[in-house]
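# Commentary on secondary and tertiary structure
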Amino acid sequence: MRETDFVSGFARGLKVIEAFGEAQPRLTIAEAAKITELDRATVRRSLLTLSELGYADYDGKFFTLTPKILRLGHAYLSATPLPALVQPYLDQLSEKAGQSASASVLDGTEVVYVARASQRRVMSINLMPGSRLPAYCASMGRVLLAALPEAEAREILKRTELRANTPLTNTDPEELIEELRRVREQGYAVIDQELELGLCSIAVPLMNARGQVVAALNIGAPAAHVAASELAERYLPLLKETQGALRPLVQ
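Please read all numbers here as calculations on a predicted model, not as lab measurements.

### Observations regarding the side chain of N170
Tracing the backbone through its elements, the reader meets N170 in the loop between α7 (150-159) and α8 (173-186). Residue N170 is classed as buried on the basis of its relative accessible area of 18%. One polar contact links the side chain of N170 to the main-chain amide nitrogen of D172, over a distance of 3.0 Å. Apart from residues lying up to four places away in sequence, N170 is in contact with Y136, R142, E175, L176 and E194.

### Structural notes on the packing of aromatic side chains
Overall, the coordinates contain one aromatic pair when judged by the stated rule. Seen in terms of ring centroids, Y58 and F63 are 4.0 Å apart; in terms of plane orientation they differ by 5°. Their pairing is stacked. On the basis of relative accessible area, Y58 is assigned to the partly exposed category, the value being 37%. Over the face of the ring belonging to Y55 we find K68, whose NZ or CZ atom lies 4.7 Å from the ring centre.

### Description of the UniProt feature "domain: HTH iclR-type" (unreviewed entry) in the chain
The sites that carry the UniProt feature "domain: HTH iclR-type" (unreviewed entry) are, in the present numbering, residues 7-67. Helix makes up 54% of residues 7-67 and strand 13%, with an end-to-end C-alpha separation of 26 Å.

### Remarks on the sheet that holds strand β3 (residues 63-65)
Overall, antiparallel pairing links the three strands, which are arranged β1-β3-β2 in an open sheet. Because the sheet does not close on itself, it has two edges, and the strands there are β1 (26-27) and β2 (56-58). Contacting β2 and β3, helix α3 (residues 40-52) crosses the sheet at an angle of about 105° to β2.

### Focus: the pattern of salt bridges
All chains considered together, the criterion is met by 11 salt bridges. One salt bridge connects R132 with D107, and the closest N-O pair in it is separated by 2.6 Å. Of this pair, R132 sits in strand β6 (residues 132-134) while D107 sits in strand β4 (residues 100-107), and the two are 25 residues apart along the sequence. Take R132: its relative accessible area is 38%, and that puts it in the partly exposed class. Notably, a salt bridge pairs R181 with E150, separated by 2.8 Å at the nearest N-O pair.

Rules of the game
Residues numbered from 1 in each chain as written. Predicted model: local features only at pLDDT ≥ 70, side-chain atom pairs only at ≥ 80, totals over all residues. Heavy atoms only, no water. Helix = DSSP H or I, 4+ residues; strand = E, 2+ residues; numbered from the N terminus. Buried < 20%, exposed > 50% of the residue type's maximum accessible area, 1.4 Å probe, protein only. Polar contact = N/O pair within 3.5 Å; in protein donor to acceptor, adjacent residues only side chain to side chain. Contact = heavy atoms within 4.5 Å. Phe/Tyr/Trp six-rings, centres within 6.5 Å; stacked < 30°, edge-to-face > 60°. Lys NZ or Arg CZ within 6 Å of the ring centre and 35° of its normal. UniProt positions renumbered as here; feature names shortened; annotations may be inferred. Pairing = 2+ DSSP bridges. Axes fitted to C-alpha atoms, helices over the stretch in contact; angles between N-to-C directions. Salt bridge = Lys/Arg side-chain N within 4 Å of Asp/Glu carboxyl O.

Written out as structure tokens, the structure reads:
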């Protein structure tokens, strides 16, 4: 892309939107400037513009996003057939497994949930389409990273904040690369309480008819009910069945 084609003001505005999240649903101008590392004047103009257009509310101190912001994410979900295509298969998978099932795609250093069928809440956060998790410690993230050329996966890990969410989280880049090789070879990934204590999950890649990995599917289960060592025996056949059924349908 030519430098003259890049709209820096638009890019800064998007960065301001991304500053909001579950942990920070309300932001002052100073807080948003700190998160985005942009100057206060730029952040102020962006937030006031969002407020004027109805994408944010402003009470004189705090800005909060409004439901109108969902139009931006809905545009992707509406234009992409994958969520609608996958959802009924996830519903069946979840019903057969008796556990929650999800589908996600890779976006930078994170996985983004595009569809989910929930049996019970097994995490402290409420996962739904649009939710994001770090790829390095999520089963779907490892499947998606394993599908990339190793150099690209290394670059993503280099840009990732490898944080120990639990005492079991693997944060060593070389060990993670070795784990990605195992995932690539065996065709699935298992996570044992690396993202959150009490949660285990297993994931497989979702490929299209040309063999390209376009997403990942997973089943999550409470560690107290199903040990990580039992996930493959119990749920891998169901995941592979869903994987095979979707492959001829996915573009």
